[in-house]
Amino acid sequence: WQALYLEGTLRADRLGPGEGFASLREAAQTLIGMLSHLTQAEAVHFKDRHPEVSDVFKKLSQFAVSEGDRKETAALLESARWIQIDPPLQIAKKNGSKH
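All values reported here derive from a predicted model rather than from experimental measurement.

What counts and what doesn't
- All residue numbers refer to positions counted from 1 along the written sequence of the respective chain.
- With pLDDT at 70 or above as the cut-off, local features in this predicted model cover only qualifying residues; side-chain atom pairs require 80 or more to be listed or tallied, and sums for whole chains, interfaces and linings still use all residues.
- Side-chain numbers here rest on the full set of heavy atoms in the structure, without hydrogens or water.
- Every case where a carboxyl oxygen of Asp or Glu lies within 4 Å of a side-chain nitrogen of Lys or Arg is listed as a salt bridge.
- The buried label applies to any residue whose accessible area, calculated with a 1.4 Å probe on protein chains only, is under 20% of its type's maximum; exposed applies above 50%, and partly exposed to all values in between.
- Side-chain rings of Phe, Tyr and Trp (the six-membered ring for Trp) are treated as a pair once their centres are within 6.5 Å; stacked means planes under 30 degrees apart, edge-to-face means over 60, and tilted covers the remaining angles.
- Here a strand is any run of E in DSSP of at least two residues, a helix any run of H or I of at least four, and the numbering for each starts at the N terminus.

Trainee: Explain the pattern of salt bridges to me, please; I cannot follow it from the model alone.
Mentor: If the charged atoms of two oppositely charged side chains come close together, the side chains can form a pair. The full count for this structure, using the stated rule, is four salt bridges. A salt bridge links Glu19 to Arg11; its shortest N-O distance comes to 3.2 Å. Glu19 sits in the partly exposed class, given a relative accessible area of 38%. Between Arg70 and Glu67 there is a salt bridge, with the nearest N and O atoms lying 3.1 Å from each other.

Following this line, the structure appears as structure tokens:
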């Protein structure tokens, strides 16, 4: 997940946010799968020891440029809500409002 996170961040920096989305989506999916095998307390402890976990989800939200990306991101954030990402993230809609 860390390699995917770095790849997504670097691709977005060099080529634009949409180019980093796929790697960050994979990083988020990997994290969710990995953390789902832990208790909530263990998952929160892991997240607290690895602040980049929150960054994966924050950047995923930022890099979701298409409607399809935003829908995927919303589903991933919903499935990761038990990790307690602070602050709770919202996806920016195309017109700038949040949901």
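Trainee: Would you take a moment to explain the packing of aromatic side chains for this structure?
Mentor: Aromatic ring pairs: the centre-centre distance and the angle between the two ring planes describe each pair. Applying the stated rule across the entire model yields one aromatic pair. On the numbers, 6.3 Å between centres and 65° between planes, the contact of Trp1 with Phe46 is edge-to-face. Residue Trp1 is found in the segment before α1 (2-15), and its partner Phe46 is found in helix α3 (residues 40-49); the two are separated by 45 residues along the sequence. Assessed through its relative accessible area of 16%, Trp1 is described here as buried.

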